[in-house]
Amino acid sequence: MKIVKWATTAVAMTLTATVALADDISLKLPEHSMSAYMQALLTQSLEAAGHTANIEIAEGVPARRFDAQVSQGEDGMVTFKLWRRTLDNAVIVPVDLTGGLIGKRVFFIRPSDQAAFSEMASLGDLQGSGMVGGFGKGWYDVSVWNENALTVSEVDGEWRNIYKMLGAGNRGIDYFSRGIMEIEAEAPQHPDLAAESDLLFVYPGDFQLFMSPAETDTAPVIQAALEAAVDSGLRDALVREFFPSIFDPNGLNMDGRTHIELAPPAS
């Protein structure tokens, strides 16, 4: 695991009024391209606040099963979702985990389609292209795309099948929208696909933690530690450590892309 060393004095002082005694906190995260970053963020935030943290990744557990374990109240289970998602019975920790970067969307595409995307410079261009975005069933992105009159295909079951459906070229999916941090983490796993090089679609939103109801007492401790990590700059330092290509003009080059704003859903 990558570790960013950080001064802890100010962070620990921030938590003094909230948590009288240090806690031993053990949590399990779902397997996801963002999990290593989340593991580091939770570990270092909690340790900076004087706690002992044991954050594991539940490898090989399907996303739906993991979500069910969170909802059912299993000890230590915590997942992360876009802020307007819901999960039955979960305790939400209302701290933005990426500084809004998950709301900055880059597309996985078939390499042969890059020329078509390079001709686009506006929302209207994508609307008029007839291209179809693939999403998991019920994802927040679906409501965003619908709000912006963009064509979607919702995939029920295991959402990771979207990569194969996109690559096949005959499954009615022309691109897969991912947060720019996810694109950097996932691109090496999908060499048959390409990160679209010119566009950045932007909507307000971020990941937040959704915790098992068994962790109701732990949630305020984690919230305080994460808020302190935001204030101290620890979160932003970890973003740059784990996802350097986002800011690299020769990489994903977030600032050099054409930014296209997407309206959030009305409700």
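Below is a summary of the structure that appears in this document. Fair warning: this is a prediction, and the values are worked out from it, not measured in the lab. Per chain, residue numbering runs from 1 following the sequence as it is written. Under the rules for a predicted model, residues below a pLDDT of 70 receive no local features and side-chain atom pairs below 80 are neither given nor counted, while totals for whole chains, interfaces and linings still include all residues. To get the side-chain values, take all heavy atoms of the structure and skip hydrogens and water.

## Topic: the overall build of the protein
Then, in step 1: Helix and strand labels come from DSSP, where a helix needs a run of H or I of at least four residues and a strand needs a run of E of at least two; each type is numbered from the N terminus. In terms of helices and strands, the protein carries 10 helices and 12 strands.
Then, in step 2: In this treatment the radius of gyration is a C-alpha quantity, and the globule benchmark scales as 2.2 Å times the residue count to the 0.38 power. Computed over C-alpha atoms, the radius of gyration of the protein comes to 19 Å, within 12% of the 18 Å expected from 2.2 N^0.38 for 267 residues, which places it in the range of a compact globule.
Then, in step 3: Here the protein holds 267 residues, and the buried ones make up 51% of them.
Then, in step 4: Contacts are assigned to residue pairs that have any heavy atoms within 4.5 Å of one another. In the protein, the share of contacts with a sequence separation of at least 24, taken over all contacts with a separation of at least 6, comes to 78%.
Then, in step 5: Carbon and sulfur atoms make up 48% of the accessible area of the protein, which amounts to about 11800 Å² in all.
Then, in step 6: A positive count includes Lys and Arg, and a negative count includes Asp and Glu. His and the chain ends are not counted in either. Where a charge sits is defined by one atom per residue type, namely NZ (Lys), CZ (Arg), CG (Asp) or CD (Glu). Of the charged side chains in the protein, 19 are positive and 36 negative, and the gap between their average positions amounts to 4 Å. With a 1.4 Å probe rolled over the protein chains alone, any residue whose accessible area is under 20% of its type maximum counts as buried; one over 50% counts as exposed, and the rest are partly exposed. Surface accessibility follows the Shrake-Rupley procedure with a 1.4 Å probe radius. Residue values consider only the protein chains on display as shielding.

## Quick word on helix α3 (residues 63-71)
Then, in step 1: When α3 is considered as a whole, its buried residues turn out to be Phe-66, Asp-67, Gln-69, Val-70 and Ser-71.
Then, in step 2: Trailing α3 by a residue or two, Gly-73 shows a phi angle of about 85°, which is positive.

## Side note on the pattern of salt bridges
Then, in step 1: The working definition used for a salt bridge is a side-chain nitrogen of Lys or Arg within 4 Å of a carboxyl oxygen of Asp or Glu. Per the counting criterion, the structure on display carries 11 salt bridges.
Then, in step 2: Across the pair Glu-182 and Arg-105 runs a salt bridge, and its minimum N-O distance is 4.0 Å. Residue Glu-182 is located in helix α8 (residues 180-186), and its partner Arg-105 is located in strand β5 (residues 104-109); the two are separated by 77 residues in the primary sequence. Here Glu-182 matches Arg-105 in class, with each residue buried.
Then, in step 3: A salt bridge links Arg-178 to Glu-186; the nearest nitrogen and oxygen atoms lie 2.7 Å apart.
Then, in step 4: Residue class for Glu-186 comes out buried when judged on its relative accessible area of 2%.
Then, in step 5: Here the salt bridges share partners, and the residues they tie into one network are Arg-105, Asp-141, Arg-178, Glu-182 and Glu-186.

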